[in-house]
Amino acid sequence: MSPPAEQPAGQPRSYLYDRHSLPMRVMHWVNVISLTVLLMSGLMIFNAHPSLDWGKSSYTGRPSVFEIAALRTSSGQLIGLTRVFGHQFDTTGVLGVPTGPNGAPAIIAFPSWITIPTHYSLAAGRQWHFFFAWLVAFVAIHVFEVIVSGLWNHLRSMITGRYRITEAPGEART
Amino acid sequence: MSKTRNRLGVTPEALAKRRFLTRTLGGTGALLLGGCDKLGSTETFKKVLATGESLSKGAHHLLGGRVSMAQEFSPADMSPSFRGNGNTNPASAAYKAMAANGFADWKLVVDGLVEQPGAWSLEQLRAMPSRTQITRHDCVEGWSAIAQWTGVPLAQLLAAAKPKPEARYVVFHCADAFGSAAYYGSIDMDDAFHPQTLLAYTLNDKTLPVTNGAPLRLRVERQLGYKHAKYVMRLELVDDFSRIGGGHGGYWEDQGYQWYAGI
């Protein structure tokens, strides 16, 4: 889009131009929604077995890489624990034993306000997760768009920040 | 002022701050999540989400082929014990009586869309050609365990029972139940005739224990754990499972889990 022809001298000019094409905007927003849903439904799936193990199976004798647990002290107090590479942190109120929507402690790894769905349902979490995982597969279309709309120019601008604009002859560069 | 800390050194002030942060974030999230929950409970949106399952199944068949093999492991990889999950001791009096008798009176019934319906005793199944494999059991929850299984390939038994051409699924009727809902499951003919699909009677060189599905359980190695029916009593060949149980092809499928649980 070319700038308006008449310019009052000395005035800053402002105009709108087509920065992002419609397919690009659609793809980006699909990705924003999909990655958010993938993260949140993924945390629901993680809640079913809140432990990440290293090796060929979960029972290799090695400690978990990452684990969220709840334990009850001898005095009856609930404590949420998060273990990362053998280091243990008290995460009561957030992880392991988060504060539930009613203000009471809940026994679950990730709290309900960050999972899809908010109530515990591994089955529903998986349905959300795998559907939106397929939407992310549309990244192939996005890559295709990048290629057809000038691969090297895009790649250069992603790395150096400089994007080449080629103007038609006679179009003034101001 | 002395601060009281709990066992792990967190002060009440820190706990209060966490509570505040949690609630602020929680308040914002609740609005969006409330929408997701509402959306997720509508039948139309459930159907939309379920298309992911069909895409996964199609992609698996396309990339892996129908007879791709599940990974097999060496004895060194075996887990120290094989966890029992779900039902670990069927409650019915009939099952308990059979277990008390070492399953001497147990017979596997094969019926439905077959030319040769029949019943096989444990002894007869053990006399058939067997297969031994060390495989990993991947639970839908996220844990896994490696164990060695011996059993009769389901293909052997089906060869004897001769499925009719219209048979599309093998339904496994089991002795265990969740409340009043009997456990059952189903697989398609690709998985039924897969060389690693076994009716296993041996776990880690020992007679299959009750915890893990005695006297006979399914091993369908390319799928998640909930497809591996335990305490199998009867195989029914069908062309459609919509009239069985809740109509979705298995106990867990009736609870909303995917019928296709390929790994």
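Residues numbered from 1 in each chain as written. Chains lettered and ligands numbered in written order. Predicted model: local features only at pLDDT ≥ 70, side-chain atom pairs only at ≥ 80, totals over all residues. Heavy atoms only, no water.

Caption draft 1: The overall build of chain A, seen in detail. Secondary structure assignment for chain A yields four helices and four strands. Going residue by residue from the N terminus, the α and β elements of chain A occur as α-β-β-β-β-α-α-α. Over its C-alpha atoms chain A spans a radius of gyration of 25 Å, topping by over 25% the 16 Å that the globule rule assigns to 174 residues. Taken over 174 residues, chain A has a buried fraction of 33%. Counting every atom, chain A has about 11,300 Å² of accessible surface; 64% of that belongs to carbon and sulfur. Charge-centre separation for chain A: the mean point of 12 positive side chains lies 8 Å from the mean point of 8 negative side chains. (Helix = DSSP H or I, 4+ residues; strand = E, 2+ residues; numbered from the N terminus. Rg over C-alpha atoms; globule rule 2.2 N^0.38 Å. Buried < 20%, exposed > 50% of the residue type's maximum accessible area, 1.4 Å probe, protein only. Areas by Shrake-Rupley, 256 points an atom, 1.4 Å probe, with all protein chains shown as cover. Lys, Arg positive; Asp, Glu negative; His and termini not counted. Charge placed at Lys NZ, Arg CZ, Asp CG, Glu CD.)

Caption draft 2: View of the sheet that holds strand E10 (residues 232-238) of chain B. All names here are of chain B. Judged by pairing direction, the sheet is mixed, and its five strands sit side by side in the order E2-E1-E10-E5-E6 without closing on themselves. Strand pairing shows two members of the sheet lacking a second neighbour, strand E2 (118-121) and strand E6 (181-188), which therefore form its edges. Adjacent strand axes in the sheet meet at a mean angle of 20° when their direction is disregarded. (Pairing = 2+ DSSP bridges. Axes fitted to C-alpha atoms, helices over the stretch in contact; angles between N-to-C directions.)

Caption draft 3: Region of the structure containing a nonpolar patch on the surface. Nonpolar side chains collect at one region of the surface, where A:Val139, A:Val143, A:Phe144, A:Ile147 and A:Val148 lie side by side and expose about 450 Å² of accessible area between them. Along the chain, the position of A:Phe144 falls in helix H3 (residues 139-148). (Patch = residues over 30% accessible without salt bridge, like charges linked within 9 Å, V, L, I, M, F, W, Y side chains within 5 Å. Salt bridge = Lys/Arg side-chain N within 4 Å of Asp/Glu carboxyl O.)

Caption draft 4: Focus on the nonpolar core. By size, the foremost hydrophobic cluster in this structure holds 57 residues, and its most contacted members are B:Leu108, B:Phe172, B:Leu199 and B:Leu235. When residues of this core are assigned to their parent elements, the largest contribution, five residues, is made by strand E7 (residues 198-203) of chain B. When neighbours within four sequence positions are excluded, B:Leu108 is seen to be in contact with B:Gly118, B:Ala119, B:Trp120, B:Leu125, B:Leu157, B:Leu199, B:Leu216, B:Val232, B:Met233, B:Arg234 and B:Leu235. Of all hydrophobic cores here, the second largest spans twelve residues; its members include A:Leu38, A:Trp128, A:Phe131 and B:Leu33. (Core = buried A, V, L, I, M, F, W, Y, C linked by side-chain atoms within 4.5 Å. Contact = heavy atoms within 4.5 Å.)

Caption draft 5: Highlighting helix H1 (residues 22-47) of chain A. Helix length check: H1(A), at 26 residues, gives a terminal C-alpha distance of 38 Å against a target of 38 Å (1.5 Å per residue), a fit within 8%. Every buried residue belonging to H1(A) is among A:Met27, A:Asn31, A:Ser34, A:Val37, A:Leu38, A:Met40, A:Ser41, A:Leu43, A:Met44, A:Ile45, A:Phe46 and A:Asn47, and all of these are buried. (Expected span 1.5 Å × (residues − 1).)

Without other data, these values stay purely geometric and don't point to any function.
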